[in-house]
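One-letter residues, chain by chain:
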Amino acid sequence: MKTILKLTALALTLSFTACKNDKKKDDNAKTAYAEADEKDVNTIIEYNNVMVSFTDKNNDYIKRIEDNMIKIEKGLQNPNDRFAFIGLIQPFSIPTFNRSGLKPDTPPNALNNDDQKFFKENVTAMTGLLDKIKETYKSLDEYIKAEDWKDDKGTKGKALVDSIYSMGKKYYNHDELVLAKLNLIGDDAERVILKTHPLKEYIFALKDDRSATAAFTKLMASNKNYKSIEAKAAYQALEDQHHKHEAMAAPDATKYPGKDSYFKNFNDRLNDYLIAARKMMRDASASGKLTDYNIEELVRHQDSMRSAYNNFVD
């Protein structure tokens, strides 16, 4: 079975407001944005959030299309089955209510010229591909409803399915580049805001855990042949880091109401990720293979961790 499966690490949603900070150089910085002023940092974080909403909305839509295409592709193999195309749900794109004045295709001047050019080009490519996916799916939908597969034995339908899968892969190539850049820039921008944040120790622990799980998922997705992947050492490092952070004393609930439970909730969701990873590693050790479903499950757990992280930092 084909898939448009998204395997990239999910970008961080940053929701801090500026606070006074010193200008001491951050040895962990990866970009020049770690030395940006507070006004530019807040603009960068705002643009990061706009881009995350943009990619999330598009990903939700593509996932709905893919769910239908799995059924359509199967149906075209046996179109005479009267239940072949039952259960298709019309995909729709959820409107994004963006209170920011920033737009995905208009990156702010707080970013340097190269990064502005990078985001403009990739957002334009992603929007163009998504429009073509919608147009092609409309043709496929009409083809199925009109039962045109009876005229050509499904030839056109299969070609439309292949075209959508191909465009989806290209879309996610851009998506991966964008999210990687957002994580890099966003992390340094966030470090500026967090320099004097009273909970920065916890926030960076959670950020490090999210980065480590994203790296582990990417490793697992890098090759379906499980025996060629050095998974055990990577898993052990992730588990050790989790135990270290889990052992941290929870934030003082009297000073920061609710943060203790949000901290525990994040650690619980990371533990769920580890449970799923151990099971699939055991199964893959016997079969020698990893499935698309395995990777999708890890991505779902990462989504859950992202929600928990955002609850903590909000």
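Preceding block: the structure.
Residues numbered from 1 in each chain as written. Predicted model: local features only at pLDDT ≥ 70, side-chain atom pairs only at ≥ 80, totals over all residues. Heavy atoms only, no water.

## Remarks on the overall build of the protein
Along the protein, the regular secondary structure elements total 8 helices and 0 strands. For the protein, the α and β elements follow one another from N to C terminus as α-α-α-α-α-α-α-α. Within the protein, buried positions represent 46% of all 314 residues. Intrachain contacts of the protein at a sequence separation of at least 6 include 81% that bridge at least 24 residues. Here the protein has roughly 16,500 Å² of accessible surface; of this, 52% comes from carbon and sulfur atoms. (Helix = DSSP H or I, 4+ residues; strand = E, 2+ residues; numbered from the N terminus. Buried < 20%, exposed > 50% of the residue type's maximum accessible area, 1.4 Å probe, protein only. Contact = heavy atoms within 4.5 Å. Areas by Shrake-Rupley, 256 points an atom, 1.4 Å probe, with all protein chains shown as cover.)

## Digging into the packing of helix α7 (residues 259-287) against helix α8 (residues 292-313)
As a packed pair, α7 and α8 sit with axes 8 Å apart at the nearest point and diverge in direction by 170 degrees. Taken together, α7 and α8 sit at an angle that is classed as roughly antiparallel. Of the residues in the contact of α7 with α8, the class split is 14 nonpolar, 7 polar and 4 charged. (Axes fitted to C-alpha atoms, helices over the stretch in contact; angles between N-to-C directions. Parallel < 35°, antiparallel > 145°, perpendicular 65-115°, else oblique. Nonpolar A, V, L, I, M, F, W, Y, C, P; charged D, E, K, R; others polar.)

## Side note on the environment of Gln 302
Structurally, the position occupied by Gln 302 is in helix α8. Between the C-alpha atoms of Gln 302 and Ser 211, which are 91 residues apart in sequence, the distance is 9.9 Å.

## Considering α7
Taking 1.5 Å of rise per residue, 29 residues should cover 42 Å, and α7 covers 42 Å from first to last C-alpha, within 8% of that figure. By the burial criterion, the buried members of α7 are Lys 259, Phe 263, Phe 266, Asn 267, Leu 270, Tyr 273, Leu 274, Ala 276, Ala 277, Met 280, Met 281 and Ala 284. Immediately beyond the C-terminal end of α7, within one or two residues, lies Gly 288, with a positive phi of roughly 80 degrees. (Expected span 1.5 Å × (residues − 1).)

## Comments concerning the pattern of salt bridges
Scanning the entire structure with this criterion turns up 15 salt bridges. Lys 63 is the salt-bridge partner of Asp 67, the closest N and O atoms lying 2.7 Å from each other. In this pair, Asp 67 and Lys 63 both sit in helix α1 (residues 38-77), 4 residues apart, roughly one turn of the helix. A relative accessible area of 40% means that Lys 63 is categorised as partly exposed. Where Lys 207 meets Glu 190, a salt bridge forms, and the shortest distance between an N and an O atom there is 2.8 Å. (Salt bridge = Lys/Arg side-chain N within 4 Å of Asp/Glu carboxyl O.)

## Overview of the environment of Asp 252
Relative to the assigned elements, Asp 252 resides in the loop between α6 (231-246) and α7. By relative accessible area, Asp 252 is classed as partly exposed at 35%. Among the polar contacts listed, one links the side chain of Asp 252 to the side chain of Thr 254, at a separation of 2.5 Å. (Polar contact = N/O pair within 3.5 Å; in protein donor to acceptor, adjacent residues only side chain to side chain.)

## What to know about the nonpolar core
Judged by nonpolar contacts, the single largest core of 46 residues is most densely connected at Met 51, Met 69, Ile 72, Phe 119, Leu 140 and Ile 144. Within the residue set of this core, elements represented by two or more residues are α1, α2 (113-145) and α4 (155-194). In this structure, Leu 194, Leu 238, Met 248 and Leu 290 belong to the second largest nonpolar core, which totals 34 residues. (Core = buried A, V, L, I, M, F, W, Y, C linked by side-chain atoms within 4.5 Å.)

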